[in-house]
Amino acid sequence: MSKVALKLAAGLLLFAGLANAQMITERFIPIGESPGVSGKLSTIGVISAVDDLARTVTVDGEGGARTYKVDDYTYIWLDRSDWKLTNIKGSYRDCAIGQRVEIMHRRDDAGAAYWIKVESREAR
């Protein structure tokens, strides 16, 4: 393997590791407090519609209503910071009308959610 190819491979592994580290830490950050992400690369608002058939969530945020597709690759966490607890893994069923959320879309598909943080209504 050439030196250039080896350096490229090492760079890709480093980048993948950093992206994974960001995802790991993102799980523990409350809604609206992700440095460099919240309000810039994500939408913060209230769920105004949930379509179970299409598996979409519509959020009313500062920029108006926006609909996101939720699929098997979407990470969902319950934000339990109001109870001084860490976030836990959630599911599509945790997305309900009236709940405060933060959603980051995938960079390759603006309509698909990469992760969703849902404000938990109870300390589970």
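What you see is a predicted model, and the numbers here were worked out from it, not measured in a lab. (Residues numbered from 1 in each chain as written. Predicted model: local features only at pLDDT ≥ 70, side-chain atom pairs only at ≥ 80, totals over all residues. Heavy atoms only, no water.)

Engineer: With reference to specific residues and values, describe the confidence of the model for the protein chain.
Structural biologist: Fine structural detail should not be taken from predicted coordinates in areas where pLDDT scores are low. Per-residue confidence for the protein chain averages 83 on the pLDDT scale, and 78% of its residues sit at or above 70. Counting contacts from residues 12-21, a segment whose pLDDT is below 50, to residues more than four positions away or on other chains yields zero contacts. (pLDDT = per-residue confidence, 0-100. Contact = heavy atoms within 4.5 Å.)

Engineer: Provide a residue-level description of the nonpolar core, including the pertinent values.
Structural biologist: Counting residues in each nonpolar core, the largest one holds 14 residues, and the members touching the most others are V57, V101, I103, I116 and V118. Among the secondary structure elements, those contributing two or more residues to this core are β2 (56-61), β4 (75-79), β6 (100-106) and β7 (109-119). Broken down by element, this core gets its largest block of residues, three residues, from β7. Excluding residues that lie within four positions of it along the chain, I103 makes contacts with S42, T43, V57, V59, Y68, A113, W115 and I116. (Core = buried A, V, L, I, M, F, W, Y, C linked by side-chain atoms within 4.5 Å. Buried < 20%, exposed > 50% of the residue type's maximum accessible area, 1.4 Å probe, protein only. Helix = DSSP H or I, 4+ residues; strand = E, 2+ residues; numbered from the N terminus.)

Engineer: Any chance you could break down the pairing of strand β3 (residues 64-69) for me, citing the residues and the numbers?
Structural biologist: Direction of pairing for β2 relative to β3: antiparallel, over a ladder of six bridges. Looking across to β3, one finds that T58 is bridged to T67. Connecting β2 to the next strand, β3, in antiparallel fashion are two residues. (Pairing = 2+ DSSP bridges.)

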